[in-house]
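Summary of structural features
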Amino acid sequence: MKKLSLFFLSLLICAVASAETNKLNLFIWSEYIDPEIISNFEKKFDCKVITDLYEDSESMLAKIEGGGVSLYDIAVPPDYIVSVMIKKKLLAALNMSNIPNAINVDDKFVNPSYDPGNAYSMPYQWGTVGIYARKKAGQTIDESWGILFDPKMNAGSFVMIDSMRESIDSALKYKGYSINTTEPAKLKEARDLLLDAKKRTLGFESGVGGKNKVLGKGATFAVAYSGDAVRGMSEDPETYYFVPREGSEIWVDNMVIPAKAPHKEMAEKFINYILDPEVGAKLSDFNQYATPNKASLLLIDQDDRKNPAIYPSKEVMAKLEFVQDLGSHTRIFDQVWTEVKTK
Amino acid sequence: MSAETIKKRRDLILSSLTSGPGIVWVCLFLLVPLISVMAISFLTRGEYGDIEWTFTFDNYKRFFGYGIFGFDPLYPIIIVRSFILAAGTAALCVLAALPLAFFISFLPPRYKGIALTLVIIPFWTNLLIRTYAWQILLAPGSILSNLVHFIGIVPEDVPALPSAGAVYAGMVCDFLPYMVLPLYTSIEKIDWKIAEAAMDLGGNGRRVFRHAVLPQIMPGLVAGIILVFIPALGQYVIPDLLGGAKTVMLGNAIGQQFGASRDWPFGSAIAFFAMGIVMMGLWLYARVARKHGEEALL
Amino acid sequence: MKKNGPILTTISFLTYIFIYAPIVMVVVYSFNLAKYGAGWTGFTTKWYAALFRNEMALEAAKNTLILACSSTLVATTLGTLLGVGLSRYNFPGKRLFSWLMYIPLVIPDILMAVSLLLFYGLIRQWLGLFELGMSTMIVSHVTFEIPFVAIVVRARMIGLNPSIEEAAADLGANTWKTFWYVTFPLILPGVLSGALLAFTMSLDDFVVSFFTTGPGATTLPILIYSSVKRGITPDINALSSLMILASIVLTVLVQIFGRKEQERGSKIT
């Protein structure tokens, strides 16, 4: 009997001890963070990082709303989703005294319109949406969204992106409209374009999935995020990335802390860690996205700094639009997207 | 107190001790959630995707076609499409399962067990794995993909995957054992003397089958069809992986609303409709199973 | 009439090939050298080795086992009791409830998943319980496992020869003793079959887990799904092949138990 109680006591101690070990529940896009950064963080702060992945912003939001607000410590939503989350009171205010590295953030990203004063978010990476393509011998492709939407172009097999704003925005840009329009007539046109493209597409994939499909020669074109595309390019030089001439999206992903996060202080330490100049540089070197950290900009691989796929030229930048949260008008976008996916 | 009352009381006590916990659990975690789905289907979706406690029929209106953009039979089309897929799958399964079930039944007894186990093994393998495997089987450049193009089932420039055909392949492959097992049980119980008598009376093969054999395997056939049709109607994984997220069925539509679309009330309306169909199928199945022993399929 | 002709045999073999094709493909391609695409570039076992260094895969495997074991334990206990109770004792509403028990047999996974998600969400709002994670997944799994165990156990109970229990009662054993020392050992193979069934169902589940999971509770099927969505790679095939192996072993075990139990039953009666 004594042996048994001793055994259970030791089990209990172990259980309590493991509960004491610091934890961080990270909710992030797939292939977005260097596993070494995570293990370095774990060693530095004596913490266990548990990572869950998502493939699109709307599913991430759905998971947070559906209970994740008290489960995850860090999420990485894009700019317009941050405004939604703030309005829905899903985020915890950042304790800036825990994030001294915030001064490293480039002025362009400080005090953004979607989060005045950076009360709830800190920028993580930024990038563009475009087309990742496989070169076809002796063919010059018109770098346009027509690859998807112009049936007469017939440039090759393509994959569409399984993300609401990205898809609808590409259709709107093709027509020359703003990606933040709320006019039902224009959205109807976008819907029809998408439905028509759907008949000819190989399917809807996540950003990373589409990139991998092109890599695996399962498709010639895929709508992809800049960093994923650039990583694909280094694996296969026969591929390339471009922002269509009609224009596209520019986005900023941000680190946020859900309102009821179980390990808020550790989360703030994590944000601070990512904003460290060297860590930020290591991050961008890994995922090949653009860094919002002015100190990291000096430390990253300088070839990346000159890569127009990662850091677009002034002419391309002029054609890029930031996605904005459209408030109650999001309902129309939702309906268009549901129709596109369901028809 | 009469012996009858004593027995009744004893039964009640023993019931609560044995069946009690199980019943409470199933009611709490199966019945109550299904009822809440029904309840939520009458509520409204908040601006950003939460649930507002306002009673409305809007979700059902939208489901039957009257949404924001005017009349649009989007969901009725999905219902019809799902029904066709489920019915098609059931039909194909019957065609494929009949020969196999008879084959196993006609085997010498020592091989029957192995033959059955061979059918059951894939059945108990993860559906997800078996389904995504079709992506490999039908990938561009694979033997099967080339074969399908060569025969001409699929035109040259259209990939074999994702497609409705791929979805059917995945569905039949998955649901076949559900059909084989009940059919087999029924076939084992056939009284062959009736068929022999029919032959003696001069009937040809087809007539003998239709009038002497078929009626005897009806219970197995019906059970199999229900076991295939109902779950097939609400399939999520197969249309998702093999239809390229292009072919949306009832199951996918429901999943979408509870996921990225964040419209739980609307999703509940679709789910409640699907539930109604399940209940009808269930009632049919219970009737058949009670007559002929439900462990047939286990 | 009762012999297998050549046509029937050929069709049947083709059918067998059809249902095994996917499984075979997964196993074969787990040895493919190429990381992307469907072209075969060479044979290698490196993907299997890589699995054992893959933290996410190991973590998922651990979660899957915890989930399967815990849910099977609870479901077998409750299910056995339920099966015994339904076969022996009457109570008001028994007919209705038996009918209810068939729901998990035919209900599409997505309906179960979504109703549970909703239910947990509502309870969370009012009582703060049921945070999504391992506990919600275990509860969900138990829910669809109980009816299967109950049905199997009930069938075995009905198949028992009542004279044995009557004999025990005549010798002075009370209800509990009769059950524990006489009935239960007789239905034990059935109980074990039910348990193995429940365990396999837990391993196989994807949709319900997918919708009711939380951080740190990712299971193998969920991991495989997310990976497949990003593109099939041989390491996923390796992982899947191992799962297939586990399922095969379990299925064969269930079949063996089922047959042993039949022999036992026939020997006693």
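What you are looking at is a predicted structure, and each value in this text was computed from that prediction instead of being measured.

A few words on the overall build of chain A. When helices and strands are tallied, chain A shows 15 helices and 10 strands. The C-alpha radius of gyration of chain A comes to 22 Å, within 12% of the 20 Å expected for a compact globule of 343 residues. For chain A, the C-alpha atoms occupy an extent of roughly 80 × 45 × 45 Å along the three principal directions. When the accessible area of chain A is evaluated, it comes to approximately 13,700 Å², of which 56% is carbon and sulfur surface.

On to the nonpolar core, then. Counting residues in each nonpolar core, the largest one holds 279 residues, and the members touching the most others are Ile33 and Ile168 of chain A together with Tyr132 of chain B. The element best represented in this core is helix α3 (residues 74-106) of chain B, accounting for 17 residues. A domain-level breakdown of this core finds at least three residues from each of domain 1 (2-125 + 253-305) and domain 2 (127-250 + 312-342) of chain A. Core analysis: the second largest hydrophobic core is formed by 11 residues, Leu160, Phe179, Ile187 and Val191 of chain C among them.

On to the packing of helix α6 (residues 109-127) of chain C against helix α7 (residues 134-159) of chain C, then. Residues and elements named next belong to chain C. Where α6 meets α7, the axes come as close as 11 Å, and the angle between the chain directions of the two elements is 135°. By the angle between their axes, α6 is oblique relative to α7. α7 is crossed by α6, and the crossing has right-handed handedness. Contact residues: α6 offers Met112, Leu116 and Tyr120, while α7 offers Thr136, Val139, Ser140, Thr143 and Phe144. A class-by-class count of the residues in the contact of α6 with α7 yields 5 nonpolar, 3 polar and no charged.

Turning our attention to the interface of chain C and chain B. Facing 90 residues of chain C, the contacting portion of chain B comprises 90 residues. Together chain C and chain B conceal approximately 8,400 Å² of surface at their shared face, both sides included; 80% is due to carbon and sulfur atoms. In this structure, the connection of chain C to chain B is made through 1 salt bridge. When the shortest N-O distance is used, the salt bridge between Asp240 of chain B and Lys229 of chain C registers 3.3 Å. Our count for the chain C to chain B interface comes out at 10 residue pairs in polar contact (both at pLDDT 80 or more). The element that contributes the greatest number of residues to the side of chain C that touches chain B is helix α1 (residues 6-29) of chain C, accounting for 16 residues. Classifying every residue of the side of chain C that touches chain B gives 68 nonpolar, 15 polar and 7 charged.

All names here are of chain C. Taken together, the side chains of Phe52, Leu58, Leu242, Leu245, Val249 and Leu253 define a hydrophobic patch exposed on the protein surface, amounting to about 550 Å² of accessible area. Looking at the nonpolar patch element by element, the count peaks at 4 residues for helix α12 (residues 234-268). As for its position among the elements, Leu253 is in helix α12.

All names here are of chain A. When its domains are assigned, chain A resolves into domain 1 (2-125 + 253-305) and domain 2 (127-250 + 312-342). Taken over C-alpha atoms, the centre of domain 1 sits 28 Å from the centre of domain 2. In this complex, domain 1 contributes 15 residues to the contact, which on the side of domain 2 involves 20 residues. Buried surface at the junction of domain 1 and domain 2, both sides included, amounts to about 1,500 Å², of which 51% is carbon and sulfur. When the buried area of domain 1 at its contact with domain 2 is split by residue, Glu31, Tyr80 and Tyr289 rank highest and sum to 38% of it. Between the two partners, domain 1 and domain 2, sit 3 salt bridges. With its nearest N and O atoms 2.7 Å apart, the salt bridge here joins Arg231 to Glu31. Applying the counting criterion to the domain 1 and domain 2 interface returns 6 residue pairs in polar contact (both at pLDDT 80 or more). Examining the composition of the side of domain 1 that touches domain 2, we find that 5 residues originate from one element, helix α4 (residues 79-87), more than from any other.

Thresholds, definitions, all that
Residues numbered from 1 in each chain as written. Chains lettered and ligands numbered in written order. Predicted model: local features only at pLDDT ≥ 70, side-chain atom pairs only at ≥ 80, totals over all residues. Heavy atoms only, no water. Helix = DSSP H or I, 4+ residues; strand = E, 2+ residues; numbered from the N terminus. Rg over C-alpha atoms; globule rule 2.2 N^0.38 Å. Areas by Shrake-Rupley, 256 points an atom, 1.4 Å probe, with all protein chains shown as cover. Core = buried A, V, L, I, M, F, W, Y, C linked by side-chain atoms within 4.5 Å. Buried < 20%, exposed > 50% of the residue type's maximum accessible area, 1.4 Å probe, protein only. Domains from an automatic or database assignment. Axes fitted to C-alpha atoms, helices over the stretch in contact; angles between N-to-C directions. Parallel < 35°, antiparallel > 145°, perpendicular 65-115°, else oblique. Left-handed = near helix turned anticlockwise from the far one by under 90°. Contact = heavy atoms within 4.5 Å. Nonpolar A, V, L, I, M, F, W, Y, C, P; charged D, E, K, R; others polar. Buried area = accessible area lost by both parts, 1.4 Å probe. Salt bridge = Lys/Arg side-chain N within 4 Å of Asp/Glu carboxyl O. Polar contact = N/O pair within 3.5 Å; in protein donor to acceptor, adjacent residues only side chain to side chain. Patch = residues over 30% accessible without salt bridge, like charges linked within 9 Å, V, L, I, M, F, W, Y side chains within 5 Å.

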